[in-house]
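Analysis of the macromolecular model
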Amino acid sequence: KVADGAPDNWSYLGETLPCGEEVLDFSHAAEHLSAALGAAYGEGTPTYHARVETLRTVLRDAPQGVDKVMGALGRLRTRYPRRQAIHKALAYFREHRHRMRYADLQARNLPIGSGVVEAACKTLVSQRLKRAGMRWRTVGGQAILTFRALCQSERFERAWCLLGETYKR
């Protein structure tokens with residue numbers, strides 16, 4: 001279950017898919033890290049770029065990487081106590097710490113980002129249903145998306161014998 005940090009995502013996923021790993025999308029975690037480092041060093045500075053690259057790598061690849069990143073953010077908070085972006089990022093990392101076991105997840109070949117799903121949504125849904133002037137009711141939109149998903153995944157022929165009668169009606 002990969003999502004960003006929005007609480008309603010986690011409550012929905014917890015109710016819909018009660019079993020499974022919860023993973024905070026790595027790119028969202030990296031955005032929060034980047035905001036904190038930008039507040040400390042100034043976005044675009046050489047120090048900023050070097051620290052972002054280093055801490056992103058630690059977060060993604062090091063065992064207990066989130067703890068190491070939180071330690072670095074804690075030191076920045078002490079050094080720059082009035083920079084709210086650092087406080088905010090540290091709170092975000094504390095709240096979602098249990099969802100940021102990226103090195104462990106990668107070692108088990110589990111996803112750490114939602115990019116593939118988001119790209120599929122864009123290709124399957126947005127490009128087909130959001131064309132100029134199109135409006136869909138749920139039933140019609142679902143029918144189109146079912147066919148599109150089957151065609152895109154090259155499973156149409158196998159699925160048609162199961163679905164054909166439903167759609168012929």
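These numbers were taken from a predicted model, which means no experiment stands behind them. (Residues numbered from 1 in each chain as written. Predicted model: local features only at pLDDT ≥ 70, side-chain atom pairs only at ≥ 80, totals over all residues. Heavy atoms only, no water.)

Re the overall build of the protein
- When helices and strands are counted, the protein shows nine helices and two strands.
- Its helices and strands taken in sequence order, the protein reads β-α-β-α-α-α-α-α-α-α-α from the N to the C terminus.
- Each principal axis of the C-alpha atoms in the protein carries an extent, and together these give about 70 × 40 × 25 Å.
- The buried share of the protein, taken over its 169 residues, is 32%.
- When the accessible surface of the protein is totalled, it reaches about 11000 Å², and 54% of it is carbon and sulfur. (Helix = DSSP H or I, 4+ residues; strand = E, 2+ residues; numbered from the N terminus. Buried < 20%, exposed > 50% of the residue type's maximum accessible area, 1.4 Å probe, protein only. Areas by Shrake-Rupley, 256 points an atom, 1.4 Å probe, with all protein chains shown as cover.)

Examining the side chain of aspartate 25
- Along the chain, aspartate 25 turns up in the loop between strand 2 (23-24) and helix 2 (26-41).
- Within the buried core, aspartate 25 has no salt-bridge partner, and the shortest N-O distance to an opposite charge, that of arginine 56, equals 9.3 Å.
- In this structure the side chain of aspartate 25 is engaged in a polar contact, spanning 2.8 Å, whose partner is the side chain of histidine 28. (Lys, Arg positive; Asp, Glu negative; His and termini not counted. Salt bridge = Lys/Arg side-chain N within 4 Å of Asp/Glu carboxyl O. Polar contact = N/O pair within 3.5 Å; in protein donor to acceptor, adjacent residues only side chain to side chain.)

Structural notes on helix 8 (residues 138-152)
- For helix 8, which comprises 15 residues, the first-to-last C-alpha distance of 20 Å matches the rise-based estimate of 21 Å (1.5 Å per residue) to within 8%.
- If you check which residues of helix 8 are buried, you get Gly141, Ala143, Leu145, Thr146, Arg148 and Leu150.
- Where helix 8 is buried, its residues meet helix 7 (115-129) and helix 9 (156-168).
- Following helix 8 by one or two positions, glutamate 154 adopts a phi angle in the positive range, close to 60°. (Expected span 1.5 Å × (residues − 1). Contact = heavy atoms within 4.5 Å.)

Some points on the nonpolar core
- Grouped together as the largest cluster of nonpolar side chains are 32 residues, with contacts concentrated most on Leu59, Leu73, Phe93, Met100 and Tyr102.
- Among the elements of the structure, helix 1 (7-16), strand 2, helix 2, helix 3 (46-61), helix 4 (65-79), helix 5 (84-96) and helix 6 (102-107) are those that each provide at least two residues to this core.
- When sequence neighbours within four positions are dropped, the list of residues in contact with phenylalanine 93 reads Ala29, His32, Leu33, Leu59, Val66, Val69, Met70, Leu73 and Met100. (Core = buried A, V, L, I, M, F, W, Y, C linked by side-chain atoms within 4.5 Å.)

Some thoughts on the packing of aromatic side chains
- Counting across every chain of the model gives five aromatic pairs.
- Centroid distance phenylalanine 26 to tyrosine 102: 5.2 Å. Interplanar angle 90°. Geometry classified as edge-to-face. Residue phenylalanine 26 is located in helix 2, and its partner tyrosine 102 is located in helix 6; the two are separated by 76 residues in the primary sequence.
- Exposure remark for phenylalanine 26: the relative accessible area of 7% places this residue in the buried category.
- The exposure class assigned to tyrosine 102 is buried, which follows from its relative accessible area of 0%.
- Taken together, a centroid distance of 6.0 Å and an interplanar angle of 45° make the contact between phenylalanine 147 and phenylalanine 156 tilted.
- A relative accessible area of 23% means that phenylalanine 147 is categorised as partly exposed.
- Ring pairing ties together the aromatic residues Phe147, Phe156 and Trp160, which thus form one cluster.
- Arginine 99 extends its terminal NZ or CZ atom over the ring of tryptophan 10, reaching a point 4.0 Å from the ring centre. (Phe/Tyr/Trp six-rings, centres within 6.5 Å; stacked < 30°, edge-to-face > 60°. Lys NZ or Arg CZ within 6 Å of the ring centre and 35° of its normal.)

Take it as geometry only, folks, not as evidence of what the structure does.
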